[in-house]
Amino acid sequence: MTALLDIRGLTTEFRVNGHWHAAIQDVNLSLAANETLAVVGESGSGKSVTALSALRLLPQAGARIARGEILFEGRDLAKLSQRQMAKVRGDEIAMIFQEPMTSLNPTMTVGDQIAEVLMIHRGMSHGAALKEARDLLDEVRVPDPGRRITEYPHQFSGGMRQRAMIAIALACRPKVLLADEPTTALDVTVQHQVLTLLDDLKRERGMGVIFITHNLGVVAQIADRVAVMYAGEIVETADCTRLFANPAHPYTEALLRAMPRVDRRADTLEPIPGSVPSITARPAGCHFAPRCGYVRPECGHHPALGPISGAGGSDHQARCILRAKAEEAAWTV
Amino acid sequence: MTVVSEPIPARKPNVVLQTLNRNRLSWVGVGLLALILLSAIFAPLLAPHDPLQQNILHRLEGPSPEFWLGTDSYGRDVLSRLLYGTRVSLLVGFLSVLIAMTVGSAIGIFAGYVGGMVDQVIMGLVDVMLSFPTLLLGLMVAAMLGASLENLIIAIAITETAPFVRIARAPTISAKRKEYVEAGRALGFSPLRIMGVHILPNILSDIVVVASLWMASAIRTEASLSFIGLGVQPPTPTWGGMIREGFENILSSWWLVVFPSLAILLTVLALNILGDALRDAIDPKLKGES
């Protein structure tokens, strides 16, 4: 499988008090068509920054992509002008956001908002675009789409709004969809419906989906592959089933232990002590070392992301000295 | 068909009406404004005399059954001149505020959306503009351009642009952090489209409220400029001009000054009441307060 979106060595920096600090560091992600890649991590781990960097949506002042390439079908998005980038956004790569309640413009009808994208990227007439909007709402399973396109967002429930958002994002049939915690604000049953819908649409259209979440239950439900992020770095990446069965990085292990499960009796969950270090105060060695139960003196060196021992033929990689294959325990300082 | 499944109407003017109802005074403002507007529109039908017709036999006569509000030093009917003067006042007030609102909001939205240095420079200039008293600024511009109806409108528009920049900028800054604006950028919309289609309609209510208050100020400025002779030139009747002409005979003929002054007062009052009522109706934070 060739990669549709290939992010290589991406480093994004923010300016804090006059100094540039890396919010994400050397991030490598590749996404194939018809694949769902979940990016998991705590708040502040750099998940959203990765997605916003990929679409070049970071604020112009105070943020910059310092290094790395964002290859989309062989084109490096990091080198495009804002004008060229605007053509890619919403057309070839679309994004949906966390808050369905505020992601729609309250002064425009839902139909007009879906039609707007089609008119801009496809040059459709208003009438044709509205007709297409009706079909799209139907496709994301909004009942009575003919009436719904004439209504305003405040007449939609949270789940329906997120469906409308998905309809807007998918209007131009993008090849890649970035979903930034699209189900976090929804209750569990609606969440399940929206996830199933996204999965179906991905299959029908052969899209690549990058799904950003902190909810491991959601990951297990829809992801093909998983990348775990911590303090601006990818610390582990593997197939979804493999990651849940054999977590290699101590952070992933800790995350899984902190998750409530139906099939296990748990009176108390096991939290991870401490919190994610801020971008101005990241430890020099392994970023997770201060919170890690297995910490050793070697952890003062910054580990590289590499294959783990016992990975077999899989591409299971982790950023941990203790779990690395002995011969490949290369240290980077 | 059940009543329950009926869709809720999309627009909600009823909220505004409710608030207007709760505050009875606001209906006084609305009624007064309607009256003023009607007298401007139907001035030719309502005016008992030609406002320009001089009648030397009846100069400086007090209110009487023939001349309800008396006559001026050329024997012209004050009531007729007052009715025709409404047209100038409303025209100047409306057009100058419209221009100030359009230009000021555009600049304000631009400054708020772009931010950074551009914002700081624009707001610095706005502060300079605001530090001048409205009348003084209007005086300077009107004196530079020369006295005519168009120049008067331009002069007043210039004095009132700065407040609109401020009024438009603040809600733009909060609107640009809303997720629908970010979503718009993620969909590849141009900055111009985001500002015009996605931010403007969401901050329009803030602007409209201020517009009604500033229209009152515009009418006052117009009267003041006409009073000092920088407004619409005679013989066109204007309220400010009428006060100026009546000023010479103020001790003997009080009606020349009192009635135009009352007209200005009532118009400004009506617009202020309406502006306050609109603000109360639109601003949810003030709801429930009397």
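What you see is a predicted model, and the numbers here were worked out from it, not measured in a lab.

Undergrad: Let's hear about the overall build of chain B: which residues, and what values?
TA: A tally of helices and strands in chain B yields 11 helices and zero strands. Beginning at the N terminus, the succession of helices and strands in chain B can be written as α-α-α-α-α-α-α-α-α-α-α. Within chain B, the proportion of its 290 residues that are buried is 44%. The long-range fraction of contacts in chain B, counting pairs at least 24 apart against all pairs at least 6 apart in sequence, stands at 71%.

Undergrad: Got a sec to walk through the interface of chain B and chain A? Specific residues and values, please.
TA: Each partner contributes residues to the interface: chain B has 18 residues there, and chain A has 30 residues. Of the roughly 2,000 Å² buried where chain B meets chain A, counting both sides, 58% is carbon and sulfur surface. It is Glu179, Ala186 and Leu187 of chain B that lose the most area in chain B upon contact with chain A, and together they represent 29% of the buried surface on that side. Viewed at the interface, chain A and chain B are joined by one salt bridge. The closest approach of N and O atoms between arginine 193 of chain B and glutamate 116 of chain A, which form a salt bridge, is 2.5 Å. Summed over the shared surface of chain B and chain A, the result is nine residue pairs in polar contact (both at pLDDT 80 or more). For the side of chain B that touches chain A, the secondary-structure elements that each account for two or more residues are helix H8 (179-186) and helix H9 (191-227) of chain B. With six residues, the single largest contributor to the side of chain B that touches chain A is H8 of chain B. Along the lines of polarity and charge, the residues of the side of chain B that touches chain A split into 10 nonpolar, three polar and five charged.

Undergrad: How would you explain the sheet that holds strand S7 (residues 176-180) of chain A if you had to name every residue and give the values?
TA: Residue and element names in this part refer to chain A. Within the open sheet, the eight strands sit side by side as S6-S7-S8-S3-S9-S10-S13-S12. Their pairing is mixed. Looking along the sheet, the strands with just one partner apiece sit at the ends: strand S6 (93-96) and strand S12 (306-307). Both S12 and strand S13 (residues 317-318) contribute to a ladder of two bridges, which runs antiparallel. Looking across to S13, one finds that glycine 306 is bridged to alanine 318. Packing against the sheet, helix H6 (residues 158-170) makes contact with S6 and S7, and its axis sits at approximately 170 degrees to S6. Docked against the sheet, helix H7 (residues 188-205) engages strand S3 (36-40), S6, S7 and strand S8 (208-213), running at close to 155 degrees with respect to S8.

Undergrad: I'd love a proper account of empty space enclosed by the protein, names of residues and values included.
TA: Applying the stated rule across the entire model yields six cavities of 30 Å³ or more. In this structure, the largest cavity spans a volume of roughly 80 Å³. For the largest cavity, the lining is made up of 13 residues, of which Ser103, Gln113 and Ile168 of chain A together with Tyr180 and Leu187 of chain B are closest to its centre. Those elements giving two or more residues to the lining of the largest cavity turn out to be helix H3 (110-122) and H6 of chain A together with H8 of chain B. The element contributing the most residues to the lining of the largest cavity is H8 of chain B, with three residues. When the residues that make up the lining of the largest cavity are grouped by side-chain class, the tally is seven nonpolar, five polar and one charged.

Undergrad: Before we move on, could you go through the packing of H6 of chain A against H7 of chain A and cite the residues and values that matter?
TA: Residue and element names in this part refer to chain A. Between H6 and H7, the shortest axis-to-axis distance is 10 Å and the interhelical angle comes to 20 degrees. By the criterion of interaxial angle, the relationship of H6 to H7 is roughly parallel. The hand of the H6/H7 crossing is right-handed. For the pair formed by H6 and H7, the contact residues are Gly159, Gln162, Arg163, Ile166 and Leu170 on the first element and Val190, Gln193, Val194, Leu197, Leu198, Leu201 and Arg205 on the second. When grouped by side-chain class, the residues that make up the contact of H6 with H7 number seven nonpolar, three polar and two charged.

Undergrad: I'd like a description of unusual backbone geometry, backed by residues and values.
TA: Residues and elements named next belong to chain A. With a phi angle near 50 degrees, asparagine 17 is a residue other than glycine that sits in the positive phi range. Tracing the chain through its elements places asparagine 17 in the loop between strand S1 (3-16) and strand S2 (19-32). The backbone phi angle of glutamate 181 is positive, close to 45 degrees, even though this residue is not glycine. On the secondary structure map, glutamate 181 appears in the loop between S7 and H7.

Undergrad: A description of the sheet that holds S1 of chain A should follow, citing residues and the corresponding values.
TA: In any sheet, the strands associate via hydrogen bonds between backbone groups, in a parallel or an antiparallel arrangement. All names here are of chain A. Reading across the sheet, the four strands line up as S2-S1-S4-S5 and stay open at both edges, with antiparallel pairing between neighbours. Edge positions in the open sheet fall to S2 and strand S5 (75-76), since each of these has one partner strand only. The pairing of strand S4 (residues 63-72) with S5 spans two bridges and is antiparallel. Within S5, the residue paired with leucine 71 across the bridge is aspartate 76. Lying on the sheet, helix H1 (residues 47-54) is in contact with S1, S2 and S4; it crosses S2 at an angle near 75 degrees.

Undergrad: Any details on the confidence of the model for chain A? Residues and values, ideally.
TA: All names here are of chain A. Averaged over every residue, the pLDDT of chain A is 86; residues scoring 70 or more account for 95%. By mean pLDDT, the top-scoring element of chain A is S3 (93), and the lowest-scoring one is strand S14 (residues 331-332) (46). In this model, residues 327-333 is a region of pLDDT below 50 whose contacts with residues beyond four sequence positions or in other chains number 11 contacts.

Undergrad: How would you explain the side chain of serine 53 of chain A if you had to name every residue and give the values?
TA: All names here are of chain A. In this fold, serine 53 is placed in helix H1. What makes serine 53 buried here is its relative accessible area of 0%. Excluding residues that lie within four positions of it along the chain, serine 53 makes contacts with Leu10, Thr12, Ile24, Leu58, Ile65 and Ile70.

Undergrad: Describe the packing of aromatic side chains, listing the residues and the values that go with them.
TA: Residue and element names in this part refer to chain B. Enumeration according to the criterion identifies six aromatic pairs over all chains in this entry. Taking 5.8 Å as the distance between ring centres and 50 degrees as the angle between the ring planes, the aromatic pair formed by tryptophan 254 and phenylalanine 259 counts as tilted. Among the residues examined, tryptophan 254 registers a relative accessible area of 44% and is labelled partly exposed. Under the relative-accessibility criterion, phenylalanine 259 is labelled buried at 18%.

Cut-off values and rules
Residues numbered from 1 in each chain as written. Chains lettered and ligands numbered in written order. Predicted model: local features only at pLDDT ≥ 70, side-chain atom pairs only at ≥ 80, totals over all residues. Heavy atoms only, no water. Helix = DSSP H or I, 4+ residues; strand = E, 2+ residues; numbered from the N terminus. Buried < 20%, exposed > 50% of the residue type's maximum accessible area, 1.4 Å probe, protein only. Contact = heavy atoms within 4.5 Å. Buried area = accessible area lost by both parts, 1.4 Å probe. Salt bridge = Lys/Arg side-chain N within 4 Å of Asp/Glu carboxyl O. Polar contact = N/O pair within 3.5 Å; in protein donor to acceptor, adjacent residues only side chain to side chain. Nonpolar A, V, L, I, M, F, W, Y, C, P; charged D, E, K, R; others polar. Pairing = 2+ DSSP bridges. Axes fitted to C-alpha atoms, helices over the stretch in contact; angles between N-to-C directions. 1 Å grid on protein atoms, 1.4 Å probe; cavity = no way out; pocket = protein on both sides within 12 Å on 5 of 7 lines; lining within 4 Å. Points joined across faces, edges and corners; volume = space filled by probe spheres on them. Parallel < 35°, antiparallel > 145°, perpendicular 65-115°, else oblique. Left-handed = near helix turned anticlockwise from the far one by under 90°. pLDDT = per-residue confidence, 0-100. Phe/Tyr/Trp six-rings, centres within 6.5 Å; stacked < 30°, edge-to-face > 60°.

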